[in-house]
Every structure is written in structure tokens, then in C-alpha cells.
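# Breakdown of the fold
The primary structure of each chain is shown beneath.
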Amino acid sequence: MATNGGNGTRAAGPRCVALVGPFQSGKTTLLEAILARTGAVARQGTIEAGNTVGDASKEARHHRMSVELTVATTTFMGDNYTFLDCPGSVEFVHDMRAVLPAIDAAVVVCEMDEKKIPQLQLILRELEGWKIPRILFVNKIDKADAAVRDVLNLLQPASRTKLILRQIPTFSGDIISGFVDLALERAFVYKEYAPSQVVPLEGDAADLEKTARFSMLETLADHDDELMEQLLEDIQPPRDKVFDDLTRELRDGLVCPVLMGTAARANGVLRLLKALRHESPGAADTAKRLGVKQGGDAVASVLKTLHTTHGGKVSIVRMLAGQAGDGVTFLTGDDEAGRVAGVFKVLGQSNEKRGPAAVGETVAFAKLEKAKTGDTLSAGKQPHPPLAKVAPYPPVLAIAITAKERKDDVKLGQALTKLAEEDPSITIVHNPETHEVVLWGQGEMHLRVATERLSDRYGVAIERRTPSVGYRETIRKSITQRGRHKKQSGGHGQYGDVMLEIKPMPRGAGFTFQERITGGVVPRNYIPSVEEGVIDALKHGPLGFPVVDLSVALIDGSYHTVDSSDMAFRTAGRIGITEGLPQCQPVLLEPIHLVEIVCPNDATAKINALMSSRRGQILGFDTREGWDGWDVVRAKMPEAEIGDLIVEIRSATAGAGTFTFKFDHMAELTGRTADQIVAARRAAE
């Protein structure tokens, strides 16, 4: 019986394993190879043919890349496994980050490509942070050359945990033809789409194996005194002892084993599955790591939220305690999540109805209307404390969107709500000043896919444009201005007369209104109306933008006992400001933000040049704390220049760099740039 006990025992129950790794390293192809090898699909599909279980959405097929999580459950040697194929692009990384807390282990798919090391480092950092046991699978070794022998030298800088070679390649001439398993001490030769074949271990391969195996054992012995003694006394440790150590040190996060293969040909897949079966932890370890007690009510973690065309809302969940089926009501932290209206086994885009879900299983629950990605669900009377909160990274790029047809406005609002539920790394902001709906995301492709979904899935055609920049204007000169509103037309007329003193104030001071009336020339009850009129007029200054950093004082005026009214004085206040501001030397203000860019240090010079080319003022740069080989560049930069900054940062850093920003101050903007902005504003109006 498999248990979760001490060393050398196989984890019991269903397993949940994430396939993660840099963009285009072959995760979806590996998933396909696993499904073909375990009999979940009849034959292995390819990305080129567009017939894989993963990347099955219209957007993924169109862009030939993973744009969302793919879930696929299969069985291997009698055990139930759910594989989560996570997007590798940094723009869709939240789908990976949201599932990490509740998985048992991760397979990190990577290549022998130096350019992708920073991306690999980002992913390994996430896994290290959650203490997720992980196996590195070096893919596409048919395209690698003899340098595959240097695999540890190349990949170790990306990992804080010690990497340990489990296999070494064997060659036929210059071509990799198979591998030696260093734990089993057996040589295998690859077969196309079939299990590898055992061959005698002899000649050069036998010598290389001895050296590589000793190196593996030395690393394991760092955490095992008994093994260290055996090595020092030249005693060959028993094979079971080696496997016990591999299992324990993987689960304790002391080592990260490295396997290799070519997913497109299904080479190395069986070895990977066997390593997962024998060495990776199970649901009991994961529940313990997250503080979930066994034997009580059902507890589950929501990995992903989907809105399907026919089935409505679906929540992909990992069961961490108990069991749950149709009709079970779940609680989340602050509310009732809803009642399960169906349990489904998931294989890519297809769902199959099934019975109740047991602990460890990963399934889809239908109609949990209030459950959100990342929620902890509990079937008990009390909500379970949240297991883990994974906040999306701050957004870095924005577009303003409108429905092409006015009649679709309500439909667009509903579609955006669903879009943000499916992908919490999208932020929707309604700008009350410009009446724009602004969609914030993680990059260019992220927003493109979001807008494609709005039209393909939700049938809303949209128009997109660059969002407005928060320009303001202020004044440089003080004046005194009369505002008079007088209208006579049979019966009651309208009469309001005010004298306003308009003065500039220091930057960031905002707006103040005072009254210095003497002798009741404007009755007290009309003064709030004058202020309302002034505030109204400041919303749109002579340059076309809201006016800030000025004071307005009501110093004189006159009224009419019959014709004066709140409306008349409000209008007078507005007229005084509208006529006065153009004489106050209005000047444009632009928002300046503090920007912090993180990048691999070989790109720092490029980033500094990029800042300067965008009117940025570089404040300095430091090494990134706790990150070998990374820098942090700080600068002040106009909001107008931040627009598509992320596109250039990603281009300069092979997709690994990013930035955060926050408002710092408003600065005067004059000259040609200011003239162009004012002219564009007038044209738009």
C-alpha cells in the first residue's frame, strides 16, 4: 500500500502537478506526450496541426501560444494525475501563480538556452517562495549539441536550490541517442513515440556514468551523514537508499532533480512520469504545508474560474480535505459561494460528468456563482481560514475601450465582469473625468487576447484607443475679475453679480475658495452657489483641462431683491472664472511618476538609455536585493511616456523585465509638446 509515511514510500491518492517554464519551452507539447503515453488521447497532437488538448481556445490556436491554464486528468499505473499546463509568457503568468499553493509538485520545462535563464529564474523564484517540490525537465535535447553535458553550469544560476543531474545523455556520433539513469544505473536508448529500450551500459558511457553518479551522490550526501560515510569509505550505497534520499530531499526542497528528453517525440516522458510517481509528494503533504486538517469537512482551493457558453460558471478546484459532490454548499471567507450543480472530470476543453470528488482530486464544480479564483472553499458551518492569497502583479499597460454599437454598452459591462473573473490580472477602471472604460493588463498580447475574447466569446465588438493622460492646467498671474449674469424676460428676471480675486498657489496646493464680503453686498445664502459656479468652471480651463493650484476669493458684488437667485449667482461665478482665467497666463501641467524597473543587469545600460529617450530623469540604480544578476533602475518620468513603456522594457530584457510606477507630482510643460497637446484636445472637442 502506498503511503505518505517516511522515506521510500510512494505518496498515496490523486496527484496534482503543474507544468511550468519559460515561454515556448514545450509545456503544451509535453502535456500532449503525457496524455498520449497514459492513454488519455489516442495519438499525440502537435501545435502546428492545431490538434492538442492544451491551447485549444481560438485565441491560443491563433497566436500559437498558451494564453490560459489547461487542465487535464489522466491515470498512470493505476494512479490519478491532474496536469496543469500553465502559460509561460510573463503576460499570462497569473494563471500559473494562482494554482501554485495547492499543487503537489511542478515540472519545470526548460531548454539549453542562455537567453531564457532570467525567465527561468522568475519561475523558480515563485516555486521556491511556495516551497513547491520541483523537477527540471530539459526539453528539445535533440536540438542541443554536446554542450548538454554543461547543463548544470548553464541552469544552476537560475535556481537557489541545488540542481542534481538524474540522467546524462548518450551519443551516437554527435546525435543524442539515449540516456543513462544515474539512480538506476541503467542505459536506455530512445525510440520514436515508444518507451525507451534498456541497452548494456559499457565503454565511455560506463565511465561517464561513474563520475556523474558520484557527483549526484555527493550532493545527496550533503544532507545525509550515513551516505557521506559510505562515500568516504568507498562503499557503494544500496539503490533503495539512493532513491530514499532522492525522494526525501526533493520533498524537503533540498534538491531539484534534472531530467531530459524531447517532448515532441515523447522521449524521456516515461522516466519523468515514474519520477513523479515514486518521488513527488501527494495531497496529504500539500494539505499539511497549507495547514488543512484531515478527517473533517470538505476543503478545496479554487484554481481557476471559467465562464462556458452552455454550462455557465465553472470553478476548477483542488480538493484538500474531505469529499464533495452534487448539492454540497460551500462557504468562502465572507459569504456563501453557492451550491455545487455538477462535478466534472476535465480534459482540456472537454468535461465529463462524474461522481463526488475525493481528497486530492482536481475537478470542475458547476454554478458556484460567488466563488472566485484563489478562494478557499469549506463545506463546514464555519468558513476555513484562507489558505493563500496570490495578488496579481501590478498592471503595466492600458487601453481605453468602447462598444462599437451604443446598444452593446450593457453587454460590454457584463462581459468585462466575466473577463475579470476569469483573469484577475486584468483591472477595469472607469475614469469619471474622461468617461473612459480603461482596461489594464500585463502587456500587449494580454490586452489583445482580452479584446479578442470580448468579441469572440461574448459577442461585443469594441473600439480601442490610447487612454487619456491626466493633464491639468494652472495659472501664473493674479487678477480681479467681475462676473455678471443679467437677464430680463417678462416676469422674474435673473441677476447675479460677483467680483472674484483669482490667485496662483504653490504646486500641489489644490483649490481654496474664500469670501471676503463686507456690508452684505452678496447675501450669505447665495455664497455657496457662487462657489459651485466657480468649481464648475474650473473643470474645463482655457487650455481644455481641469484647473488646479489656485485660490478664488469672492470680494464684492451686488444683488437684486426680486431677480437674484441661487442659479443666477452660480452662473455669475462661472462667468467670472471663464472670463478671468485666460488673462491669468494659463500653463499646462503634466503628471510625473516615480518608475522602478527591475531587469537582468546585462540589460541595465539599455534600460538607462530607454529612460533618457522618454524624457525620464534617472535617479540611480542598485543591485536587486536577493536577486543575483539583477538591477533596479529608478527614474522620474512623465505619465505620457509610460504608455507603452513595457513593450520596450520586455524587448530589451528578453521578456523578463518589468516595472511599477506611482504618481509623484505635477510639472509645468511648455513649448512645442504643450502646444501639440492643447491643439489635440481642441480638435477632439
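Residues numbered from 1 in each chain as written. Predicted model: local features only at pLDDT ≥ 70, side-chain atom pairs only at ≥ 80, totals over all residues. Heavy atoms only, no water.

## Considerations on unusual backbone geometry
- The phi dihedral of Ala266 falls on the positive side, at around 65 degrees, and the residue is not glycine.
- In this fold, Ala266 is placed in the loop between strand 11 (255–260) and helix 9 (269–279).
- The backbone of Lys367 shows a phi angle near 65 degrees, a positive value even though the residue is not glycine.
- As for its placement among the helices and strands, Lys367 is situated in the loop between strand 18 (362–366) and strand 19 (376–378).
- Looking at Lys367, the relative accessible area reads 38%, which means it is partly exposed. (Helix = DSSP H or I, 4+ residues; strand = E, 2+ residues; numbered from the N terminus. Buried < 20%, exposed > 50% of the residue type's maximum accessible area, 1.4 Å probe, protein only.)

## Some thoughts on the layout of surface pockets
- Estimated volume of the largest pocket: approximately 1,000 Å³.
- Among the elements of the structure, strand 20 (397–403), strand 21 (427–431), strand 22 (436–441), strand 23 (462–465), strand 29 (586–600), helix 16 (639–642) and helix 18 (672–684) are those that each provide at least two residues to the lining of the largest pocket.
- Broken down by element, the lining of the largest pocket gets its largest block of residues, 5 residues, from helix 18.
- Of the residues contributing to the lining of the largest pocket, the split by class is 20 nonpolar, 8 polar and 9 charged.
- As a volume, the second largest pocket reaches approximately 840 Å³.
- Around the second largest pocket, the lining comprises 40 residues; the ones closest to its centre are Leu306, His307, Thr308, Gln349 and Arg457.
- When contributions to the lining of the second largest pocket are tallied by element, the ones reaching two or more residues are helix 2 (58–63), strand 2 (70–76), strand 12 (299–308), strand 13 (312–321), strand 16 (343–347), strand 17 (350–353), strand 18 and helix 11 (409–422).
- Considered class by class, the residues forming the lining of the second largest pocket number 15 nonpolar, 13 polar and 12 charged. (1 Å grid on protein atoms, 1.4 Å probe; cavity = no way out; pocket = protein on both sides within 12 Å on 5 of 7 lines; lining within 4 Å. Points joined across faces, edges and corners; volume = space filled by probe spheres on them. Nonpolar A, V, L, I, M, F, W, Y, C, P; charged D, E, K, R; others polar.)

## Some remarks on the nonpolar core
- Core analysis: the biggest nonpolar cluster contains 64 residues, and Val20, Leu84, Ile103, Leu127, Leu136 and Leu155 have the highest contact counts within it.
- If sequence neighbours within four positions are ignored, Leu84 has contacts with Cys16, Val17, Ala18, Leu19, Leu69, Thr70, Val71, Val99, Ile103 and Leu303.
- Ranked by size, the runner-up nonpolar core spans 33 residues in total, among them Ile399, Ile401, Val633 and Phe659. (Core = buried A, V, L, I, M, F, W, Y, C linked by side-chain atoms within 4.5 Å. Contact = heavy atoms within 4.5 Å.)

## Re empty space enclosed by the protein
- Taken as a whole and judged by the stated rule, the model has 5 cavities of 30 Å³ or more.
- Within this model, the largest cavity holds a volume of roughly 60 Å³.
- At the level of elements, helix 3 (94–99) and helix 12 (444–456) are the ones that each hand at least two residues to the lining of the largest cavity.
- Its residues assigned to classes, the lining of the largest cavity shows 2 nonpolar, 3 polar and 6 charged.

## What about helix 17 (residues 645–652)?
- Every buried residue of helix 17 is listed here: Leu645, Ile646, Ile649, Arg650 and Ala652. Seen end-on, helix 17 carries its buried residues on one side only, within an arc spanning 165 degrees.
- In the core, the buried residues of helix 17 are packed alongside strand 20, strand 29, helix 15 (604–613), strand 31 (630–638), helix 16 and strand 32 (658–669).
- Once helix 17 finishes, Ala654 follows within two positions and takes phi at roughly 50 degrees, a positive value. (Arc of directions from axis to C-beta.)

## Concerning the side chain of Thr70
- Its place among the elements puts Thr70 in strand 2.
- Beyond its immediate chain neighbours, meaning those up to four positions away, Thr70 contacts Leu31, Val53, Gly54, Asp55, Phe83, Leu84, Asp85 and Gly348.

## Here we look at the side chain of Asp79
- With respect to the helices and strands, Asp79 occurs in strand 3 (residues 79–85).
- Given a relative accessible area of 12%, Asp79 falls into the buried group.
- A polar atom in the side chain of Asp79 sits 2.5 Å from the side chain of Arg10.
- In contact with Asp79, other than residues within four places in its own chain, are Arg10, Arg15, Thr74 and Arg277. (Polar contact = N/O pair within 3.5 Å; in protein donor to acceptor, adjacent residues only side chain to side chain.)

## Side note on the packing of aromatic side chains
- According to the stated counting rule, one finds 10 aromatic pairs in the structure shown.
- Where Phe179 meets Tyr190, the ring centres are 5.6 Å apart and the plane angle is 40 degrees; that geometry is what we call tilted. Here Phe179 is found in strand 8 (residues 175–181), whereas its partner Tyr190 is found in strand 9 (residues 186–191), with 11 residues between them in sequence. Both residues of the pair, Phe179 and Tyr190, count as buried.
- On the basis of an interplanar angle of 65 degrees and a centroid distance of 5.3 Å, the ring pair of Trp627 and Trp630 is categorised as edge-to-face.
- Trp630 sits in the buried class, given a relative accessible area of 2%.
- Put simply, the rings of Phe76, Tyr81 and Phe83 pair up and form one aromatic cluster. (Phe/Tyr/Trp six-rings, centres within 6.5 Å; stacked < 30°, edge-to-face > 60°.)

## So, the pattern of salt bridges
- With the rule as written, the count across this model stands at 55 salt bridges.
- Here Glu226 makes a salt bridge to Lys241, at a shortest N to O gap of 3.7 Å. With Glu226 in helix 7 (residues 225–232) and Lys241 in helix 8 (residues 239–251), this pair connects stretches of sequence that are 15 residues apart.
- What makes Glu226 partly exposed here is its relative accessible area of 47%.
- Judged by relative accessible area, Lys241 falls into the buried class, the value being 15%.
- Here the residues in one salt-bridge network are Asp224, Glu226, Lys241, Asp245, Arg248 and Glu249, joined through shared partners. (Salt bridge = Lys/Arg side-chain N within 4 Å of Asp/Glu carboxyl O.)

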